[in-house]
Every structure is written in C-alpha cells, then in structure tokens.
Amino acid sequence: MKIDFILNGNAVSIESTYTRRLLDVIREDFDLTGTKEGCAEGECGACLVFMDDLLVNSCMVPMANAVGKSVVTIESFAQTEAYKSIENAFMSSGAVQCGYCTPGMVMAVYELFKKYDAPTLQQVKEGLSGNLCRCTGYQMIFEAVAMLVKEGYRYD
Amino acid sequence: MINSYRPTTVEEALQLIHQKRCHIFAGGTDLMIRKRQWQGAERKFTQPVVFINGIDSLKNIEETDTHYIIGALVTQTEMAESHLPEYIRVPYAQMSHPAIRNIATVGGNIVNAASVADSIPILLALDAEVTLQSVEGERTIPLGAFILGKYKTVRKDNELLTYIHIPKKNYNAYYYKKIGQRKASILSKVSVFIVHHKLDEIAITIGAVNPMVIRSVQLEKQFIKDHSIPDLIQGFKAILSGVNDKRSTKDYRETVAINMIKTYLEGVINEL
Ligand SMILES: Cc1cc2nc3c(=O)[nH]c(=O)nc-3n(C[C@H](O)[C@H](O)[C@H](O)COP(=O)(O)OP(=O)(O)OC[C@H]3O[C@@H](n4cnc5c(N)ncnc54)[C@H](O)[C@@H]3O)c2cc1C
Ligand code: FES
Ligand code: FES
C-alpha cells in the first residue's frame, strides 16, 4: 500500500506494508545509513530518529505508526547549528571511537537539553540510558555533555 | 499475506476486532520485542494486525471531580510530564528509557500483563479501573479483576481497552523504588510502591516478585489500626511466592521487598 510521511523535511510516498519497520525503510528505501541497527530490541539506541520532534527507536516503529509523521534522521539533523555544537563537544572530549553509537547518542543528547537547561550527571545518565556504547566506557560522552553545559548550550 | 489495518476511530477498530481475531498493536514496544515472531512477520503473521495508534480520541488525560481518566494510548512520557500527582508521574518517568517512553502506551503495559509490568503495582494501589469496549457494549472493571495472572487477562478477543480511571485520593506521601540490574532501562527484579495519608490511609504493592502484583487490603487495614510493622511483614511473608529466574532469586527479591517496606514505614512512624 501507499504510505505518506515526511522524511527530513520532504513529503515522501512509498509502497510498503504497515508492518515494515521505519528503520528498514530509512536504510533500504532511502539509503540513509546513518541510522544503524544494533540490537533490534529497543535497548541500544543506534536506530534513534526524531518523529514529530520526539526521540524514538526506529527499530520499534512499524510504518503504520509513521503515517503522516515527520521523521528526521541524523543526516538532516547534522545540517543544523544545534548539531554542530554537539559534534564539537564530542570531538574534543574523545567521545567517538568506532562511531556506531554516535548518531543515536548525539540525538539523545539533543533531546536531553530539551528537558533540562543544564543536566546534572544523574540526569545525563538517565537521559542516555537508552544508548549503549561498547567503546568509550561512557565517561568521555558524559564529559562531552558537561562541556556543552559549561558552554551554556540550549535546545532550540 | 496477512491484512493489516489502521483505524482512526474506536468504532472502526471495534468492527475490525469483532470480525476476526486480531493482533492489536499500540506502541509496539512489547509486540516488536517478540522478535522471533515478528521478523518475517509480513509472511508469518497468523492474525490480521490492527494498528490502533491512529485513534486520537484515546490520547488524552482528562479529569472529573472524582477521577483521572487516562486514554489507553497515552504514552509513558505524557504520563511522566502530565499534571497528575507526583506519585503517578514518578513511576512512569522511571520506566524503560526516554525514547521508549515516547512510544510505549499506558494501555499496552496493562494488557500485556507481564509480571514485571511497572505500571500495574501503581494502578492497583490506586484502585484503578479499566474500561473495555466492544461492538456489543462496554464494561468498566477493577484492574485487580482484569488481570488473571502472568500475561493473562479477562479481555475478550473483540474488546479494546479504551480508558483507565484512577480515583482521586488525598494521599500526601509516597514511596516508590524499583530495583533492576542497572538503574535505568531494565526490567524490575522487584518494586515496592507505598502511598499513604499519614497513617490513616495506606496502600502497599509489591511488583515483580509473584506472578501477580501483591496487594493485601486486609493487611493494610490491620496496619492502619495497630501500626505494627512486624505483623505487616509477617503477613507479607506469608503471601510472597517468588521464583528464581534469570533476573534474580526468590530470596533476594523477597528480602529486598520486605526491607524496603520495613525501612520506609519505620521512618514514617518515627515522624508521626
Ligand atoms: C527497551 C525496553 C525497555 C522496557 N522497559 C520497561 C520497564 O522498565 N517497565 C515496564 O513495565 N515495561 C518495560 N518495557 C515494556 C513495554 O515498553 C511496556 O510494557 C509498554 O507499556 C507497552 O506498551 P505498547 O503500547 O508499546 O504495547 P504493545 O506492544 O503495542 O502492546 C502490548 C500488548 O497489549 C495489547 N494492547 C495494547 N494496547 C491495547 C488496547 N488498547 N486494547 C487491547 N489490547 C491492547 C497488545 O495486543 C499486546 O498484546 C520495555 C520495553 C523495551 C523495548
Ligand atoms: S536497534 Fe533499535 S534500539 Fe537497538
Ligand atoms: S563509539 Fe563505538 S559504540 Fe560507541
């Protein structure tokens, strides 16, 4: 069937079943491979996207639940100023090693600042609890967020 | 090929689930996890799938003089960020993790009826009721009567859970603690929820130990009368029937639950 939604600001229409995962549509139909598949169980956060401005695991979203929604992937988010500051903080803190978790991690950091102007370490840990990283041991990621707090980073 | 549908009204959904046995799909955070069943689902599904997330009328939190009325499709994030009392918001804010909370629904957690479902101890302590609707009519029953056991409810195949009713009470204090392997995004090994108004009114539930949430109105009443923690503990011990499983052992769960209740209530009594 025909499914309409908005992807990275553009109205798109695809031929798909309702049961296909948003993750597969993004990667296979649109070749946007910044969104990763890790666990496929909603635990790791590698597949995070924004849907109607909310952070969601795209491995958990069947196309039926994306109908008419506005989906933003890392490719589009990476064009924003909001992203650039997070990228800087991640780079200067050594918060990226293999990079597999990074797109999701960056998006979860952005969502965190939506909730708190200056998240505490505990709030950072809770906010990133749906993101697994096998390389950094998280410390550098927490430091990147601390750096953003220090710089007065704000959600816009 | 299995059919799938996306109704946008309750009536439409009821018609669909009345005609045939269907999978009802809300946020999907339980259904998608049953991955082995789900992968290749487009071919293997044995029942039609009804995606109910397009039914906007079930996405509101409303209140009357006596109750909060929660639509079945309200998400955990919406619960956590609502104007509901803190003793309801906080437990929802501790479920899963931010991105799952944005899609997981209140109704899904209840109908799934896992023994580790974190909302059930809360709603049970608050005497919540659920409304089930079908083309044949509707019924509103206590949550305690809705859940029969682990993954078992009295819901008929043609019934949709539409609303959850939470009575307004004058509780002024609560305790909530969920213990898991990690702090966040993890299923509970054991959880304890206590709401009370001084020691005139109290409700105590223990989640994730027994196949069903533990609550004893009789023990609560006795405790209000005598404030005896040892008797209360003795009473709970008699009804705890935890098991050893991959998440934890029976002993650990029961000891932790008992200790949490004891420590909290001792504090309350000291402050009286
Ligand atoms: C990473 C992760 C972490 C999690 N952490 C927790 C946690 O900490 N605590 C916890 O309790 N749970 C947790 N869960 C489980 C899950 O998120 C919750 O149970 C959630 O509330 C289910 O809601 P849903 O809308 O996603 O349900 P769905 O998967 O859509 O549905 C669940 C079941 O309910 C039925 N159903 C749903 N809505 C209705 C309705 N209105 N009428 C009739 N039947 C209906 C479905 O048919 C299905 O059988 C977690 C899940 C994941 C993936
Ligand atoms: S792939 Fe979606 S959360 Fe891991
Ligand atoms: S940098 Fe490799 S998983 Fe996080």
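Residues numbered from 1 in each chain as written. Chains lettered and ligands numbered in written order. Predicted model: local features only at pLDDT ≥ 70, side-chain atom pairs only at ≥ 80, totals over all residues. Heavy atoms only, no water.

### A short note on the sheet that holds strand β6 (residues 129-134) of chain B
All names here are of chain B.
In step 1: Strand order in this open sheet of five strands is β4-β5-β10-β6-β7, and the pairing throughout is antiparallel. Of all the strands in the sheet, the pair left with one neighbour each is β4 (61-63) and β7 (137-142). With strand direction ignored, the average angle separating the axes of adjacent strands in the sheet is 20 degrees.
In step 2: Pairing of strand β5 (residues 67-71) with strand β10 (residues 160-167) involves five bridges; the strand directions are antiparallel. Residue pairing across strands places His67 opposite Pro167, the latter belonging to β10.
In step 3: Docked against the sheet, helix α1 (residues 10-19) engages β6 and β10, running at close to 125 degrees with respect to β10. (Pairing = 2+ DSSP bridges. Helix = DSSP H or I, 4+ residues; strand = E, 2+ residues; numbered from the N terminus. Axes fitted to C-alpha atoms, helices over the stretch in contact; angles between N-to-C directions. Contact = heavy atoms within 4.5 Å.)

### Digging into the packing of helix α3 (residues 81-93) of chain A against helix α6 (residues 139-150) of chain A
Residues and elements named next belong to chain A.
In step 1: Contact pair α3 / α6: the axes reach a minimum separation of 8 Å and the direction vectors enclose 130 degrees. On the basis of the axis angle, α3 is oblique to α6. When the axes of α3 and α6 are compared, the crossing they make is right-handed. Residues Ser85, Ile86, Ala89, Phe90, Ser92 and Ser93 of α3 form the contact with α6, whose participating residues are Met140, Ile141, Glu143, Ala144, Met147 and Leu148. (Parallel < 35°, antiparallel > 145°, perpendicular 65-115°, else oblique. Left-handed = near helix turned anticlockwise from the far one by under 90°.)

### Observations regarding the domain arrangement of chain A
Quoted interface sizes are often the accessible area lost when the parts come together.
All names here are of chain A.
In step 1: Looking at the assigned domains, one finds that chain A contains domain 1 (2-77) and domain 2 (81-150).
In step 2: Taking the mean C-alpha position of each, domain 1 and domain 2 sit 22 Å from one another.
In step 3: Counting from both sides, the interface comprises 18 residues of domain 1 and, opposite them, 15 residues of domain 2.
In step 4: Around 1400 Å² of area is buried between domain 1 and domain 2 when both sides are counted, 69% of it from carbon and sulfur atoms.
In step 5: In terms of surface lost to domain 2, no three residues of domain 1 exceed Leu55, Ile74 and Phe77, which account for 39% of the buried area on that side.
In step 6: Taken together, the connections running from domain 1 to domain 2 amount to zero salt bridges.
In step 7: Across the domain 1-domain 2 interface, the total number found is five residue pairs in polar contact (both at pLDDT 80 or more).
In step 8: Looking at which element gives the most residues to the side of domain 1 that touches domain 2, the answer is strand β3 (residues 48-51), with three residues.
In step 9: Tallied by class, residues from the side of domain 1 that touches domain 2 come to ten nonpolar, four polar and four charged. (Domains from an automatic or database assignment. Buried area = accessible area lost by both parts, 1.4 Å probe. Salt bridge = Lys/Arg side-chain N within 4 Å of Asp/Glu carboxyl O. Polar contact = N/O pair within 3.5 Å; in protein donor to acceptor, adjacent residues only side chain to side chain. Nonpolar A, V, L, I, M, F, W, Y, C, P; charged D, E, K, R; others polar.)

### Describing the sheet that holds strand β1 (residues 4-5) of chain B
All names here are of chain B.
In step 1: Spatially, the three strands line up as an open sheet ordered β1-β3-β2, and their pairing is parallel. The sheet terminates laterally at β1 and β2 (23-25), the two strands that pair on one side only.
In step 2: As defined by bridge partners, β2 adjoins strand β3 (residues 49-51) across three bridges and the pair is classed as parallel. Of the residues in β3, the one forming a bridge with His23 is Val49.

### Points about the site of ligand 1
In step 1: Residues in contact with ligand 1 amount to 34 residues; listed here are only the nearest, Ile24, Thr29, Asp30, Thr105 and Asp118 of chain B.
In step 2: Surrounding ligand 1 are residues belonging to chains A and B, so the site spans chains.
In step 3: Between ligand 1 and Ala26 of chain B, the relevant distance is 2.8 Å, taken from an oxygen atom to a main-chain nitrogen or oxygen of the residue.
In step 4: Gly28 of chain B is positioned such that a nitrogen or oxygen atom in its backbone is 2.8 Å from an oxygen atom of ligand 1.
In step 5: Contact with the protein chains removes 95% of the 990 Å² of surface that ligand 1 exposes when unbound.
In step 6: Residues of the shell around ligand 1, tallied by class, amount to 17 nonpolar, eleven polar and six charged. (Near = heavy atom within 4 Å. Areas by Shrake-Rupley, 256 points an atom, 1.4 Å probe, with all protein chains shown as cover.)

### Focus: the nonpolar core
Residue and element names in this part refer to chain B.
In step 1: Residues Ile70, Leu126, Leu143, Ile164 and Ile166 are the most contacted members of the largest nonpolar core, which totals 39 residues.
In step 2: When residues in this core are grouped by element, the largest group, five residues, is from helix α8 (residues 119-125).
In step 3: Those residues in contact with Leu143 that lie beyond four places of it in its chain are Ile110, Ile120, Leu123, Leu124, Ala128, Glu129 and Val130. (Core = buried A, V, L, I, M, F, W, Y, C linked by side-chain atoms within 4.5 Å. Buried < 20%, exposed > 50% of the residue type's maximum accessible area, 1.4 Å probe, protein only.)

### A closer look at the pairing of strand β4 (residues 54-57) of chain A
Residue and element names in this part refer to chain A.
In step 1: When β3 meets β4, the two strands line up antiparallel, connected through four bridges. Each bridged residue has a counterpart across the sheet, and for Val49 the counterpart in β4 is Val56.
In step 2: Where β3 folds back on β4, the antiparallel hairpin that results is connected by two residues, among which Asp52 adopts a positive phi of roughly 45 degrees.

### Overview of α3 of chain A
Because each turn of an α-helix spans 3.6 residues, side chains separated by three or four positions in sequence point in the same direction.
Residue and element names in this part refer to chain A.
In step 1: Helix length check: α3 (13 residues) gives 19 Å between terminal C-alpha atoms against 18 Å at 1.5 Å per residue, within 8%.
In step 2: Burial in α3 covers these residues: Ala82, Tyr83, Ile86, Ala89, Phe90 and Ser93. What you see down the axis of α3 is that its buried residues fit within an arc of 130 degrees, all on one side. Projecting away from the buried face of α3 at angles above 90 degrees are the exposed residues Glu81, Met91 and Ser92. (Expected span 1.5 Å × (residues − 1). Arc of directions from axis to C-beta.)

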